[in-house]
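Per-entry structural report
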Amino acid sequence: MNKAQKTRTSKDSALDIAVGHTGVRGKLIRGVKTVLHYLGLATPPKTTPDGLPDFGFSAKGDRYSDRVELTRGGMGAINCAFDKDLKRQTAMKSALPAVLSRPLNATRFVNEARITAQLEHPNIVPVHDIGYTESDGLYYTMKLVQGEALVDILDDLYEGSEERRKTFTLHRLLMVFRDVCEAVGFAHSRGVVHLDIKPENIMVGHFGEVLLMDWGIAQYAESAIENGLEQDEIALEVRAGSGEVRGTPAYMAPEQARGDSQNFSELTDIFLLGGCLYHILTLSPPYLGDSPEDILERAALYDGINPPEKRSPHRQLPDEICRICMKAIAEKQEDRYQSVTELLADLDDYMGGFVLSDTRVFESGDILMREGDAGKEAYVIISGKVDIVREVA
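The shown structure was predicted, so the numbers you read here are calculated from the model rather than taken from an experiment.

Here's the deal with the overall build of the protein chain
What the protein chain contains, in helices and strands, is 15 helices and 10 strands. Taken across its 393 residues, the protein chain has 39% of its residues classed as buried. Counted over contacts in the protein chain with a minimum sequence separation of 6, partners at least 24 positions apart contribute 58%. Per element, the accessible surface of the protein chain, about 23400 Å² overall, is 52% carbon and sulfur.

Quick notes on the packing of aromatic side chains
Geometrically, a pair of aromatic rings is defined through the distance of the ring centres and the angle of the planes. By the definition in use, this model includes 3 aromatic pairs. A centroid spacing of 5.4 Å and a plane angle of 55° characterise the contact between Phe109 and Tyr140, whose relative ring orientation is tilted. One end of the pair, Phe109, is in helix H4 (residues 103–118); the other, Tyr140, is in strand S5 (residues 137–142), and 31 residues separate them in sequence. Tyr140 shares its class with Phe109; the two are buried.

Side note on the pairing of strand S8 (residues 202–205)
Alternating positions in S8 separate into two faces, Ile202 and Val204 on one and Met203 and Gly205 on the other, with burial throughout. Summarising the sheet, strand S6 (residues 147–149) and S8 pair through 3 bridges and their orientation is antiparallel. Its bridge partner being in S8, Ala149 is matched across the sheet by Met203. By the bridge criterion, 3 bridges tie S8 to strand S9 (residues 210–212) in an arrangement that is antiparallel. Residue pairing in the sheet places Val204 in a bridge with Val210 of S9.

Some details on the nonpolar core
Membership of the largest hydrophobic core comes to 60 residues, with the highest contact counts inside it found for Leu150, Phe177, Leu273 and Ile321. At the level of elements, helix H5 (150–158), helix H7 (170–189), S8, S9, helix H11 (266–282), helix H12 (292–301), helix H14 (319–328) and helix H15 (340–351) are the ones that each hand at least two residues to this core. Tallying contributions element by element places H11 first for this core, with 10 residues. What Ile321 contacts, discounting residues up to four positions off in sequence, is Leu174, Leu277, Leu281, Leu347 and Tyr350. In this structure, Val125, Leu138, Val151 and Met203 belong to the second largest nonpolar core, which totals 17 residues.

What about the environment of Ala221?
Following the sequence through the fold, Ala221 ends up in the loop between strand S10 (219–220) and helix H8 (222–226). With a relative accessible area of 1%, Ala221 lands in the buried category.

Description of the sheet that holds S8
If you trace the 3 strands from one edge of the open sheet to the other, you get S6-S8-S9, paired in antiparallel fashion. In this open sheet, the two strands that pair with only one neighbour each are S6 and S9. Between one strand and the next, the sheet's axes are offset by a mean angle of 25°, whatever the strand orientation. Packed onto the sheet, H5 meets S6 and S8 and runs at close to 70° relative to S6. The sheet strands contacting H7 are S8 and S9, and the helix crosses S9 at an angle near 45°.

Definitions and limits used
Residues numbered from 1 in each chain as written. Predicted model: local features only at pLDDT ≥ 70, side-chain atom pairs only at ≥ 80, totals over all residues. Heavy atoms only, no water. Helix = DSSP H or I, 4+ residues; strand = E, 2+ residues; numbered from the N terminus. Buried < 20%, exposed > 50% of the residue type's maximum accessible area, 1.4 Å probe, protein only. Contact = heavy atoms within 4.5 Å. Areas by Shrake-Rupley, 256 points an atom, 1.4 Å probe, with all protein chains shown as cover. Phe/Tyr/Trp six-rings, centres within 6.5 Å; stacked < 30°, edge-to-face > 60°. Pairing = 2+ DSSP bridges. Core = buried A, V, L, I, M, F, W, Y, C linked by side-chain atoms within 4.5 Å. Axes fitted to C-alpha atoms, helices over the stretch in contact; angles between N-to-C directions.

Take a look at the structure:
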């Protein structure tokens, strides 16, 4: 190669040199860029007024495109939208215009987004953005969950789907329920009660994710306010305006069905968790009826809940898990689990194979069992004595 050939280096061969000689890679690349710019072969990058690179972020109101409606509820519509700035699909919930005609509804919508955004937990859907535009109105965006609602899985099991039965065993369903309990327990630690926990609001992802959705009627618990936790003014405004019955009657605690908002607490959520567990065990909600009004009346009166093993005897449900369920949905708050931690402790014992037991007191002369009787209980004597008597005909 002659001298002229050595100095006549093309753009492509210069880049090859830069890649091939890593020791001087940075200097070579900077030199090549300088030469290309001098020769007019390179376009200088766009910059912002501050001298920063221009990443092409969308102007306000133009960030989301390609909206496709996924579902619609009483408060808003949820669309799948493309985030042009982050280059990903996201779920966008927009408040319906008719809803916004009442200022309190707008307050509730923003409250839902803000409360959810504060609850950063693996089993609670994360919020990405909130805002208002002329095209979308009041909206917030969140993670787009690829999966299905737990209620759809339970409906398929009720219909006898063999494929579902193989995939969603009782143990698998209880694992889903456990994740929901973890989410609720975390919310309670932040002073928030959900008040609408139900299988329809539990998403099961294609890769095992479990997310508790729809915090639309969530509020700060009375205990959180009494303990002086920092509250957003908007959340307190919603709580002050309560008193109406909001939620899903088929799973409601009696105090919720009666609209007794002063008694809404973490224990109300415990009941709702128990209602979800009841649906998992029996494949039907705790309360059934001919109309929403009928179901609401049953919930207010705590009428019509048979123990799971009696509602669905064909499912041969274990006694221990039925006991856990019935304690969670006890009529009186003081008879329920007093925290999600207590509920999880019993659930983990059951799933770990430990035997759960109650303490019973027998009066003198009571008969515990008779020889030959069919029974499924065993007793451990904690105190006192037992006499074994054989009757001779």
